[in-house]
Amino acid sequence: MIWNSCAKSGARLLLLCGALLLSACAAMTRPLPVASKLIGPGPAQVHVAVTRTTDSRWQVDYRFDEAVDAWQFSSGRALNREKTWQVLTPGVHIHANADAVWLARDDGKSLTQVSLRFDDNSDEIDRDYSLVVPFSDGGRLLFLGHLLLTPMTGEKSGGPGDGTVSVTTRFEARDESPIGADGQAREIYLSAADAPDYAYFGHAMSIAGADIEAVIDPATPTWVRDSLIRELPRLLGYYRERFGAALPVKPHVFLNYQPEQGEGFNGDAMPTMLHLTLRGESWQHPDPAAQAQLLFFIAHEAAHLWNGHYLHSTEGHQAAWLHEGGADAAAYDALKALGLISEADWRNQFALALNKCRSALGQYPMQEAYSHHNSHALYSCGSTMQNVLALSMRRPQIDADSFELWRAWVTSASARHYEYTRKDFFQFAQQHASAAMVNDLHELAETKVANPTALIEALLHEERLDFIEDNDDMPPEMRSNVSSAQMAALMATDCMGQTNFWSNPTQFDIGGLADCHHLVKEHYLVAAIAGVPVADGVKIHD
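These remarks concern the structure in this document. Predicted model, so just to flag it, every value in this text is computed and none were measured.

**Digging into the packing of helix H5 (residues 343-360) against helix H6 (residues 375-392)**
Phase 1 of the analysis: The N-to-C vectors of H5 and H6 enclose an angle of 125°; their axes lie 8 Å apart at closest approach. With respect to each other, H5 and H6 are oriented oblique. Helix-helix and strand crossings are classified by hand; for H5 and H6 the assignment is left-handed. Packed against H5, whose contacting residues are Trp-346, Phe-350, Ala-353, Leu-354, Lys-356, Cys-357 and Ala-360, the element H6 presents His-376, Ala-377, Ser-380, Cys-381, Ser-383, Thr-384, Asn-387, Val-388 and Leu-391 at the interface.
Phase 2 of the analysis: Among the residues forming the contact of H5 with H6, the class breakdown is 10 nonpolar, five polar and one charged.

Given below as structure tokens:
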């Protein structure tokens, strides 16, 4: 997953004969019946009918085959369902405490069925999936994971206990909202994955190619649309070769564009799909910075199809630096190999990650970064560690990169049950790097490093790499990136890990957030940080 806020279609489907030959392709209708999918093995024990009743209202009807007194929602605690969702079934209420949100009958008897209603909620949820993602033409993505229920047993401080029983859930979906202005009917897409993901309700045309099937918001700028159609298949092909495995299914890609929502982007990768959101009017213009950012964004999310889903970590947030940093490193390695960025661009991004990393740590080990809302450590330090390890593997006539680690894990995927851990990373490092480097990498990830700057510089010295200092000699194209990194770190500290700002060459325009301590919901213009003008860059290590 990647999130950034750093700078301010009927059931008719289009069959794309070739990614660059859109005008030569034929349109065909492919009406879809009521969509249905299963999550989990075995016969369904929970039946869920999801209906879009209007353009902005939803109804969910549950039927339970298990006699259970209370059913707990599996995710989305921040949705405040107990306040914003309506229970249509008499005698049933949504309950919540600090640990859980659950459904139960007032008389204490077992639930056999329940119906809920809620309106669109497209708010971003900190480090979780948005419930609804709107498209400009009225289409919607709905995250099914927030509708999953788990049967609970036991007692715990006024709510269900810890005795969780796994169940199999069958989803069915209907769209009863009005047809679009063009008179075309709605389409529903549910993936075949055995995991919760987004369901699409709408009438955008689907662009089908050999490697992807994409639903692109009609409001998306043409150059963004063309870049996605042209470059994503190339990236997937390169990843297939370098990771050493083909994906089990062709991924569905959903791209939505929200020009009025400030500047930024965010994305999610799931077993069979990518969801990409672009925000702000700056994407209207294909300047070099926007083009480079788009390519990296697409490449990062696509890498997660392998390092987050083909393989997956068993350690959750403690190992987030592995798959997030790994996606950053894989993205830049792939873009360089495909000729989309230069060697100089790659080294500049490596240096920028180093600058971000050494400003991000020092108070706690990297494995705790997620709990401290420290995204810079997860992405920048994670990619730095994997890049440095790859560089240590280089020998004459051997040009190693960050894929060496992941390819080794993919090769042994079946034996390792398609899982990896932090321990696996250090075991791989012991096989390919010096003992001193392995010790330094372990210290950076697993212990509280008093001076991360010295540690990272020691790693660079061992590999005879030049460190680009944040001083008057720093390349101009890096200076604004370093300033933005420092601004993001400062705002994240004040706002529980969240950021919301955009910039021009002389100042930052900050949009305050409700969770901030000082930067409340107002706008602030920042022309200097610690006395250093934004135009001159920020000494990130000061």
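So much for the structure itself; the text now carries on.
**Let's talk about the sheet that holds strand E12 (residues 132-134)**
Phase 1 of the analysis: Read across the open sheet, the four strands follow the order E12-E13-E18-E17; overall the sheet is antiparallel. The open sheet has two edge strands, E12 and strand E17 (187-189), and neither has a second partner. Ignoring strand direction, the axes of neighbouring strands in this sheet form an average angle of 15°.
Phase 2 of the analysis: Relative to strand E18 (residues 198-202), strand E13 (residues 140-143) is paired through four bridges, and the arrangement is antiparallel. By the bridge assignment, Leu-142 is partnered in E18 with Ala-199.

**A word on the packing of aromatic side chains**
Phase 1 of the analysis: The tally for this structure, following the rule as stated, stands at 27 aromatic pairs.
Phase 2 of the analysis: The ring of Phe-73 carries Arg-81 above its face, with NZ or CZ at 4.1 Å from the centroid.
Phase 3 of the analysis: Its end group placed over the ring of Trp-85, Arg-81 keeps NZ or CZ at 5.1 Å from the ring centre.

**A short note on the side chain of His-47**
Phase 1 of the analysis: Position of His-47 among the secondary structure elements: in strand E5 (residues 46-54).
Phase 2 of the analysis: Here Asp-65 takes part through its side chain, which lies 3.1 Å from a polar atom of the side chain of His-47.
Phase 3 of the analysis: Leaving out residues up to four positions away in the same chain, His-47 has contacts with Asp-61, Tyr-62, Arg-63, Asp-65 and Arg-170.

**A short note on the state of the cysteines**
Phase 1 of the analysis: Tallied over the entire structure, the rule returns one disulfide.
Phase 2 of the analysis: Cys-357 shares a disulfide with Cys-381; S-S distance 2.0 Å. In this structure the cystine formed by Cys-357 and Cys-381 twists about its S-S bond by roughly 110°; its chirality is therefore right-handed. Here Cys-381 lies in helix H6 and Cys-357 lies in helix H5, a separation of 24 residues in the sequence.

Scoring rules and cut-offs
Residues numbered from 1 in each chain as written. Predicted model: local features only at pLDDT ≥ 70, side-chain atom pairs only at ≥ 80, totals over all residues. Heavy atoms only, no water. Axes fitted to C-alpha atoms, helices over the stretch in contact; angles between N-to-C directions. Helix = DSSP H or I, 4+ residues; strand = E, 2+ residues; numbered from the N terminus. Parallel < 35°, antiparallel > 145°, perpendicular 65-115°, else oblique. Left-handed = near helix turned anticlockwise from the far one by under 90°. Contact = heavy atoms within 4.5 Å. Nonpolar A, V, L, I, M, F, W, Y, C, P; charged D, E, K, R; others polar. Pairing = 2+ DSSP bridges. Phe/Tyr/Trp six-rings, centres within 6.5 Å; stacked < 30°, edge-to-face > 60°. Lys NZ or Arg CZ within 6 Å of the ring centre and 35° of its normal. Polar contact = N/O pair within 3.5 Å; in protein donor to acceptor, adjacent residues only side chain to side chain. Disulfide = S-S within 2.5 Å.

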